[in-house]
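# Reading the structure
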Amino acid sequence: MEQPADILIIGGGLSGTMLAVQLLRLPGQRKILIIEPRAELGRGEAYSAVELGHTLNGNAARMSVDPDNPDDLTQWLTAHIAGGGWPESAEQDVPVSELFPPRGLFGVYVQQRLAEARAVGALQGSSVEHICAEAVDLQSGTGSMQLTLSDGQVLRGAQAVLATGMFPAARTPQTQSSGLNAAALDPWDVAAMRELDPQSTVLIIGSGLTMVDAVVSLEQAGHRGPIEVFSRHGLLPHVRRQPPAWVDFLAQDHSIRTPRQLLRELRRHCRDAIAQGIDWQAPLDTVRVHIARLWSQATDVQRRQFVRHVRPWWESHHHRSPPLSAELIGRLHKQGRLRIHAASFKGIEPGAGDAVAIRIRPRGETETSTVSGAALINSSGIEYDWRRVARPLPQQLLARGLVQPGPLALGITAKDGAVVNAEGQVSARLFAMGPPLRGMWWESTAVTDVAAQAKALARRLVDSPKD
């Protein structure tokens, strides 16, 4: 039987690629297999976008993939621009660190860092191979993990890592389907949007960052008609600005432990900042590094209260829109072309002719109404509940009891990166990182979060006993 790989990385987006980079940089020889159905590594859902208008929602100074060098992306972009790779940026009177690069270009940056790590690893006898297939099943065998692929091939590895990334609601079949995806356009499919009547009405479900992307896609497709956006709270993402530094009040006061205490203190600091003529985003930006600690020490009741009552405002204030995209949203809203409705989506209705009709319930009301348009876009964000994801691997992992749902059914449960099974046992061979750990850390999707997790997990994989 073929010698098993040292590590199977299931998923080759940002999470899986960054883990491979960290493993290749560590001393020692190891064979790493990355199982990823896309033709390219390092892109995943987020960085496969090819339109220049789909930019990062953080500036270069915030998006380094090297946890030891926060200026890594800024330095790479500086060299890239100097080489003529992105000439239009060189004409902007903006420091490179404050640029919001296209997500497709960020994917190139990640791929280059992987290529560099491969060269380092080769000198030590380490290798990474991309297996271009979908993982559909995983079992714990004698001395190894056995991974089954969609073509029937079986791979074996001493350790396996679930780096499955995000499951965008717009692209993820769900076990409790409302028929939304079957009737909806992909938020990033500009080519499909070009087929629409430019003056037609487009309906969008959800008002977060995916909605912002969808509106950018429509604009680039030449759509000039009305856009009706429906979300439960009707909140739009705030624009990301570059506020000055603010005192790290959470580092100074560890008595703040609950979501309620955090909100009370954060509001006080935001009021103080505004009174001093300082952007309220400055105090908010200090909170990020403490979220994992605060979330992990909160009780289940406190977490549930946060998700139910605070989450919509946290998302709109913390997960902010890049300036150019926010400018577009603001302009269309001012023109009356884009309207935001606080209303819940209740289902698809039969439409007249080629029209798409949806049933919605306005916030605070009991009666539903029907709204029609030429097209519908599902921008409801990310599906974190693995029980609702109708994809082979999550379903098999749950059915076999190799994983258990995370707190509040957000992702899966793990301890220091090691997956916890349905019986509460911590695995010695199966690990996870990135978005699947949303329930464990709350914020587990940003580039800096993933980069830090990749470094820590790589060291643990290398140091863990394999028998």
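In the block above lies the structure referred to throughout.
Conventions we followed
Chains are numbered independently. Their residues run from 1 in the order of the written sequence. Reporting of local features is limited, given that this is a predicted model, to residues whose pLDDT is at least 70; pairs of side-chain atoms are given and counted only at 80 or more, and all residues count toward the totals for whole chains, interfaces and linings. The side-chain values count all of the structure's non-hydrogen atoms but skip hydrogen atoms and water molecules. Each helix corresponds to a stretch of at least 4 residues labelled H or I by DSSP, and each strand to a stretch of at least 2 residues labelled E; elements are numbered beginning at the N terminus. Computation of the radius of gyration draws on C-alpha atoms alone. For the globule rule, the value is 2.2 Å times the number of residues to the power 0.38. Type-normalised accessible area, obtained with a 1.4 Å probe on protein chains alone, sets the label of each residue: buried when under 20%, exposed when over 50%, and partly exposed for intermediate values. Any pair of residues with heavy atoms lying within 4.5 Å of one another is described as a contacting pair. In this count, Lys and Arg are taken as positive residues and Asp and Glu as negative ones, while His and the chain termini are left out. Charged groups are reduced to one reference atom each: NZ for lysine, CZ for arginine, CG for aspartic acid, CD for glutamic acid. Residue count minus one, scaled by 1.5 Å, sets the expected span of a helix. Angular values range over 0 to 180 degrees, each being the angle between N-to-C directions of two axes fitted as lines to C-alpha atoms, with helices fitted over their stretch in contact. For classification purposes, angles smaller than 35 degrees are called roughly parallel, those larger than 145 roughly antiparallel, those between 65 and 115 roughly perpendicular, and all remaining angles oblique. Residue classes follow a fixed rule: Ala, Val, Leu, Ile, Met, Phe, Trp, Tyr, Cys and Pro count as nonpolar, while Asp, Glu, Lys and Arg count as charged, and any other residue, Gly among them, counts as polar. In the sections that follow, a salt bridge refers to a side-chain nitrogen of Lys or Arg positioned within 4 Å of a carboxyl oxygen of Asp or Glu. At least two bridges found by DSSP between two strands is the condition for calling them paired. The term nonpolar core refers to a set of buried residues drawn from Ala, Val, Leu, Ile, Met, Phe, Trp, Tyr and Cys, joined through side-chain atoms within 4.5 Å. Pairing of aromatic side chains requires ring centres within 6.5 Å, counting the rings of Phe and Tyr and the six-membered ring of Trp. Pairs whose planes differ by under 30 degrees are stacked, by over 60 edge-to-face, and all others tilted. The rule for a charge over a ring is simple: NZ of Lys or CZ of Arg within 6 Å of the ring centre, and within 35 degrees of the ring normal. Note on convention: near helix rotated counterclockwise from far helix by under a right angle means a left-handed crossing. Clockwise means right-handed.

## With respect to the overall build of the protein chain
For the protein chain, the count of helices and strands is 16 helices and 15 strands. Taking 467 residues into account, the globule formula puts the C-alpha radius of gyration at 23 Å, and the protein chain, at 23 Å, falls close to it. Referenced to the eigenvectors of the C-alpha coordinate spread, the extents of the protein chain come out at roughly 65 × 55 × 50 Å. Relative to its full complement of 467 residues, the protein chain shows a buried share of 50%. Within the protein chain, contacts between residues separated by at least 24 positions form 70% of all contacts whose residues are at least 6 apart in sequence. A gap of 6 Å separates the mean positions of the 48 positive and 47 negative side-chain charges of the protein chain.

## Here we look at helix α1 (residues 14–25)
Helix length check: α1 (12 residues) gives 17 Å between terminal C-alpha atoms against 16 Å at 1.5 Å per residue, within 8%. Taking burial as the measure, the 12 residues of α1 include 11 buried ones, the bulk of the element. Those residues of α1 that are buried lie in contact with β1 (5–10), β2 (31–35), α4 (103–124), β3 (127–131), β6 (154–162) and α16 (447–463).

## Structural notes on the packing of helix α2 (residues 72–82) against α4
The geometry of α2 relative to α4 is characterised by a closest axis approach of 11 Å and an angle of 105° between their N-to-C directions. Relative to α4, the element α2 is oriented roughly perpendicular. Only L105, F106, V108, Y109, Q112 and R113 of α4 make contact with α2, whose side of the interface consists of D72, L73, W76, L77 and H80. In terms of residue class, the contact of α2 with α4 is made up of 7 nonpolar, 2 polar and 2 charged.

## Quick word on unusual backbone geometry
In this structure, A409 takes a positive phi of about 60° despite not being glycine. The class for A409 is buried, based on a relative accessible area of 14%.

## Examining the pattern of salt bridges
Under the counting rule described, the total for this entry stands at 28 salt bridges. For R38, the salt bridge is made with E36, and the minimal N-O distance between the two is 3.2 Å. Among the residues examined, R38 registers a relative accessible area of 27% and is labelled partly exposed. R320 is the salt-bridge partner of D285, the closest N and O atoms lying 2.4 Å from each other. Taken together, the positions of D285 in helix α10 (residues 281–285) and R320 in the loop between α12 (300–318) and α13 (323–335) put the pair 35 residues apart, joining distant regions of the chain. Accessibility expressed as a relative area gives 22% for D285, which makes it partly exposed. On the accessibility criterion, R320 (0% relative accessible area) is buried. Within the structure, one salt-bridge network assembled from shared partners comprises E36, R38, E45, R171 and D186.

## Let's talk about the sheet that holds strand β8 (residues 227–231)
Pairing between the strands of a sheet is mediated by backbone hydrogen bonds and can be parallel or antiparallel. With mixed pairing, 6 strands are arranged side by side in an open sheet as β11-β10-β9-β8-β7-β12. Each end of this open sheet is capped by a strand with a single partner; those strands are β11 (369–373) and β12 (375–378). Each neighbouring strand pair of the sheet contributes to a mean axis angle of 45°, computed without reference to strand direction. Both β8 and strand β9 (residues 338–349) contribute to a ladder of 5 bridges, which runs parallel. Directly across from V229, in β9, lies its bridge partner I340. Contacting β7 (202–205), β8, β9 and β12, helix α7 (residues 209–220) runs over the sheet at an angle of about 160° to β7.

## Some words on the nonpolar core
Membership of the largest hydrophobic core comes to 39 residues, with the highest contact counts inside it found for I9, L14, L19, L73 and F106. Ranked by the residues each element gives to this core, the list is headed by α1, at 7 residues. When residues no more than four places from it in sequence are discounted, the contact partners of L14 are G42, Y47, V65, F106, V110, V447 and V450.

## As for the side chain of R113
Inspection of the secondary structure assignment puts R113 in helix α4. With a relative accessible area of 11%, R113 lands in the buried category. In this structure R113 touches V21, V65, D72 and W76, once residues within four positions along its chain are discounted.

## Considering α7
Along its 12 residues, α7 runs 17 Å from first to last C-alpha, staying within 8% of the 16 Å computed at 1.5 Å per residue. Burial analysis of α7 places 10 of its 12 residues in the buried class, the great majority of the element. Phi turns positive one or two residues past the end of α7, at G222, with a value near 90°.

## Here's the deal with the packing of aromatic side chains
With the rule as written, the count across this model stands at 8 aromatic pairs. The interplanar angle of 85° and the centroid separation of 6.1 Å between the aromatic rings of F167 and W386 together place this pair among those described as edge-to-face. Placement of F167 in the loop between β6 and α5 (180–183) and of W386 in the loop between β12 and α14 (392–400) is noted, with a sequence separation of 219 residues between them. Each of the two residues, F167 as well as W386, counts as buried. Each member of the aromatic cluster is reached from another via a ring pair, and the members are Y47, W76, F106 and Y109. The ring of Y384 has R438 sitting right over it, with the charged end atom 4.8 Å from the ring centre. Just above the ring of W442 sits the side chain of R438; from NZ or CZ to the centre is 4.0 Å.

## Description of the environment of L393
With respect to the helices, strands and loops of the structure, L393 is situated in helix α14. Linking L393 and D253, residues 140 residues apart in sequence, is a C-alpha distance of 43 Å. Not counting the four nearest positions on each side in its chain, L393 is found in contact with I10, A135, V136, D137, L138, L162 and T164.

## Here we look at the packing of α1 against α16
For the pair α1 and α16, the least separation of the axes is 8 Å and the interaxial angle reads 45°. Of the possible angle classes, the one that applies to α1 and α16 is oblique. In this structure, the crossing between α1 and α16 has a hand that is right-handed. In contact with L14, S15, M18, L19, Q22 and L23 of α1, α16 contributes V447, V450, A454, K455, L457, A458, L461 and V462. Taken together, the residues of the contact of α1 with α16 sort by class into 11 nonpolar, 2 polar and 1 charged.

In short, shape yes, function no, at least from these values alone.
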